[in-house]
Amino acid sequence: MIHQYKLNGYNIVLDVNSGAVHIVDDLFYDMLGCLDEQLTEKCPDWLFQRFEQGHTRQEIEETYQEIFTLHKADQLFSSDDYDKFAKMMVPSPVKAMCLHIAHDCNLRCKYCFADSGEYMGHRELMSAEIGKAAIDYLIKYSYGRHNLEVDFFGGEPLMNFDVVKEVVKYARSLEKEHDKLFRFTITTNGILLNDDKIDFINREMSNVVLSIDGRKEVNDPMRPHVDGRGSYASIIPKFQRLVEKRRNGQFDQYYVRGTFTKFNKDFANDVLHLNSLGFDQISVEPVVADPSAPYALTEQDLPEVFAEYERLADIMVKRAGTKEDFNFFHFMIDLDQGPCAIKRLRGCGCGNEYVAVTPSGDVYPCHQFVGHTDWKMGDVFSQSLDFERKKQFASATVYGKKECKNCWAKFYCSGGCNANSMQYCGDILKPFQLSCELEKKRVECAIMIKAATL
Ligand code: SF4
Ligand code: SF4
Ligand code: SF4
């Protein structure tokens, strides 16, 4: 399978199965569009007739031979070797946990999937006992795996920061005995940040996600305080301080993460705004929402959103290697080796390598399943885990999803978000088409950026 497209003046060809990317001239591009994997060594006569206008016979012959040589080298129309890995997919140890330290929040974001912290239940903070039992649970089901990840999540985790500290201390105290190394991360809206919390986070958390949507006029209507005031002015100086202090510390990873909606389809301006504030690790992601919500992106918005992704990609190419260079997470792609086979086929690992634990100790496949009680997988009190459910997620590969199997972006997307599929299509194996279209555009842009900045 190949995918060919034009972007930013480049003719780009992706050979899906080998992952090879070719930047080609117009004749190569147009000729390839007429061919399939049934190539013969001899250039077919009809190709000469098709391209005789504007090209010599020798040019046509040489271009065809170039295509044929790449095919022979398994870099064009290469065969699909991943199918066999898909059949071998077995459940893995649990290696990562999303710890819902607070089902409460001090903001009321309009698009909040977490129901502003309630998750279709009630407001609740996790106790230290449950946090510790969750760490025991992770140790138990990680079996022999050494490196483990815990993400402190909410609602807003800073509303229960003493428990965050206690859980970190507890986990660290068990590392030696169980031969584990914990890597902590935290996702915060920043409202309650102060120097003490910043110092703790920068000392203990190997990554930190700072939530903000971008420009004040974009952020404030969508991310207000409980009393309706915008949050931009209170969080920007705190985020800047955290990042500044983090630059020379043990851990320097962070990113500012925003959401764009129908109201800011010019979201590249939000990315640039965040960059102008001194942030160089940026993620601004499309809202995923019921189409009836006023801020939801719909199919009609796609042309504008695509054009904006292209504009952002072009800006990134122009800024590459300059002082204004920045990372945009959704354009980061590894073309050299790609992710490992398992990750290519199975993606995020939800419900298999990754679970979420609620303040009451219930275990779910991931944070976006929380509150959908049919999907509960166990609890940390009884240390139970539904292995049938785990198997279901382990085998939810791109080859088990009809649409994904024949999708050119499958090895970069890895089958999309199971939670969105469940919520908007009623089945974890049915991708949410709107997200697919956006993902494919992002992969196209990411490949172009790589090609242009090599
Ligand atoms: S900060 Fe997060 S949890 Fe709180 S309302 Fe906003 S999106 Fe929801
Ligand atoms: S873009 Fe959609 S169809 Fe393609 S692999 Fe991703 S989820 Fe599957
Ligand atoms: S299912 Fe979706 S929300 Fe859940 S971990 Fe995977 S990508 Fe994230």
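What follows concerns the overall build of the protein. Looking only at helices and strands, one finds 17 helices and 15 strands in the protein. Taking 2.2 N^0.38 as the reference for a compact globule, 454 residues should give roughly 22 Å; the C-alpha atoms of the protein span a radius of gyration of 24 Å, in line with that estimate. Each of the three principal axes of the protein carries a C-alpha extent, and together these read 75 × 45 × 45 Å. For the protein, buried positions account for 55% of its 454 residues. The long-range share in the protein, meaning contacts at least 24 apart out of those at least 6 apart in sequence, stands at 71%. As displayed, the protein offers around 20300 Å² of accessible surface, 49% of which is attributable to carbon and sulfur atoms. A gap of 4 Å separates the mean positions of the 54 positive and 67 negative side-chain charges of the protein.

A few words on the site of ligand 3. Looking at ligand 3, the residues that line it are C348, C350, Y354, C366, H367, Q368, C417, N418 and A419. Each residue belonging to the shell around ligand 3 can be placed in one class, and the counts come to six nonpolar, three polar and no charged.

Before going further, it helps to examine the site of ligand 2. E403, C404, C407, K410, C413, G415, G416, P431 and C436 make up every residue found near ligand 2. Those elements that provide at least two residues to the shell around ligand 2 are α14 (402-405) and α15 (410-413).

Attention now moves to the pairing of strand β1 (residues 2-7). Note: β1 against strand β2 (residues 10-15), six bridges, orientation antiparallel. The residue bridging K6 from the neighbouring strand is N11, located in β2. In this antiparallel pair of consecutive strands, β1 and β2, the connection spans two residues, and N8 shows a positive phi of 55°.

With that settled, the discussion passes to the packing of aromatic side chains. Counted by the stated rule, this structure contains 17 aromatic pairs. For the pair Y255 and F329, a centre-to-centre distance of 4.4 Å together with 25° between the ring planes defines the contact as stacked. Of this pair, Y255 sits in strand β10 (residues 255-260) while F329 sits in the loop between β12 (327-328) and α12 (341-346); the two residues are 74 residues apart in sequence, bridging distant segments of the chain. Look at Y255 and you get buried, because its relative accessible area is 18%. Its relative accessible area of 28% is what places F329 among the partly exposed residues. Here the aromatic cluster, defined as three or more aromatic residues joined through ring pairs, consists of F260, F267, Y309, F328 and F331. One residue, K6, lies across the ring of Y29, its end atom 4.5 Å from the ring centre. Between K165 and the ring centre of F200, over which it is positioned, the NZ or CZ distance is 5.9 Å.

Attention now goes to the nonpolar core. Residues L99, F152 and F331 are the most contacted members of the largest nonpolar core, which totals 125 residues. Ignoring anything within four residues of it in the chain, the contact list for F152 reads L99, I101, P157, V164, V167, V168, F184, T185, I186, T187 and M205. Core analysis: the second largest hydrophobic core is formed by 18 residues, C98, Y119, F393 and A419 among them.

Calculation criteria
Residues numbered from 1 in each chain as written. Chains lettered and ligands numbered in written order. Predicted model: local features only at pLDDT ≥ 70, side-chain atom pairs only at ≥ 80, totals over all residues. Heavy atoms only, no water. Helix = DSSP H or I, 4+ residues; strand = E, 2+ residues; numbered from the N terminus. Rg over C-alpha atoms; globule rule 2.2 N^0.38 Å. Buried < 20%, exposed > 50% of the residue type's maximum accessible area, 1.4 Å probe, protein only. Contact = heavy atoms within 4.5 Å. Areas by Shrake-Rupley, 256 points an atom, 1.4 Å probe, with all protein chains shown as cover. Lys, Arg positive; Asp, Glu negative; His and termini not counted. Charge placed at Lys NZ, Arg CZ, Asp CG, Glu CD. Near = heavy atom within 4 Å. Nonpolar A, V, L, I, M, F, W, Y, C, P; charged D, E, K, R; others polar. Pairing = 2+ DSSP bridges. Phe/Tyr/Trp six-rings, centres within 6.5 Å; stacked < 30°, edge-to-face > 60°. Lys NZ or Arg CZ within 6 Å of the ring centre and 35° of its normal. Core = buried A, V, L, I, M, F, W, Y, C linked by side-chain atoms within 4.5 Å.

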